[in-house]
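Spelled out from the first residue to the last, the chains are:
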Amino acid sequence: MGQADVLDRLVPITSFNKGHASRIFERAKSAGPLFVLKNNAPEAVIMSTADYARMSEAEENYALLLEATERLAANAGRP
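Quick look at the structure, then.

Parameters and conventions
Residues numbered from 1 in each chain as written. Predicted model: local features only at pLDDT ≥ 70, side-chain atom pairs only at ≥ 80, totals over all residues. Heavy atoms only, no water. Pairing = 2+ DSSP bridges. Helix = DSSP H or I, 4+ residues; strand = E, 2+ residues; numbered from the N terminus. Salt bridge = Lys/Arg side-chain N within 4 Å of Asp/Glu carboxyl O. Buried < 20%, exposed > 50% of the residue type's maximum accessible area, 1.4 Å probe, protein only. Core = buried A, V, L, I, M, F, W, Y, C linked by side-chain atoms within 4.5 Å. Contact = heavy atoms within 4.5 Å. Phe/Tyr/Trp six-rings, centres within 6.5 Å; stacked < 30°, edge-to-face > 60°.

**Observations regarding the pairing of strand S2 (residues 34-38)**
On a regular strand, each side chain points to the face opposite its neighbour's, so the side chains alternate between the two faces of the sheet.
Okay, step 1: The pairing of strand S1 (residues 10-12) with S2 spans three bridges and is classified as parallel. When the bridges of S2 are listed, Leu-10 appears paired with Phe-35.
Okay, step 2: With five bridges joining them, S2 and strand S3 (residues 41-46) adopt antiparallel strand pairing. Bridge pairing in S3 links Phe-35 to Val-45.
Okay, step 3: Counted along the chain from S2 to the antiparallel partner S3, the turn is two residues long, and its residue Asn-39 has a positive phi close to 55 degrees.

Next up, the structure:
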């Protein structure tokens, strides 16, 4: 992701106070995760439920891979 892409994904927290929440959520569904800024610093990430599910599944798969790798390494010396 280039710098321009990151800049396009920034959302000031004041946008929520101005009634733009629906637009922001729709944008997160179509464009991907958005970074909410509070006092010009990243405060939170908004993403679609589909993106969250994919990320959670990838995290779970990675944990299972690490566990399997550890088991294989522990059993490598056994006959």
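**So, the pattern of salt bridges**
Okay, step 1: A complete count under the given rule lists three salt bridges for this structure.
Okay, step 2: Among the ionic pairs, Glu-26 bridges to Lys-29, the shortest N-O distance being 3.5 Å. In this pair, Glu-26 and Lys-29 are both assigned in helix H3 (residues 21-31), three residues apart and thus about one turn of the helix distant.
Okay, step 3: The residue Arg-54 makes a salt bridge to Asp-51 at a minimum N-O spacing of 2.2 Å. A residue pair is termed a helical-turn pair when its members lie 3 or 4 positions apart in one helix, as Arg-54 and Asp-51 do in helix H4 (residues 49-75) at three residues.
Okay, step 4: A relative accessible area of 53% places Arg-54 in the exposed class.

**Structural notes on the nonpolar core**
Okay, step 1: Membership of the largest hydrophobic core is limited to six residues, which are Val-11, Ile-24, Ala-28, Leu-34, Val-36 and Ile-46.
Okay, step 2: The set of elements that each furnish at least two residues to this core consists of H3 and S2.
Okay, step 3: Excluding anything up to four places from it in sequence, Ala-28 contacts Pro-33, Leu-34, Ile-46, Met-47, Ser-48 and Asp-51.

**Quick look at the packing of aromatic side chains**
Okay, step 1: One pass over the structure, following the stated rule, counts one aromatic pair.
Okay, step 2: Plain terms: the ring middles of Phe-16 and Phe-25 are 6.2 Å apart, the flat faces sit at 55 degrees to each other, and that makes the pair tilted.
Okay, step 3: Owing to a relative accessible area of 42%, Phe-25 belongs among the partly exposed residues under this scheme.

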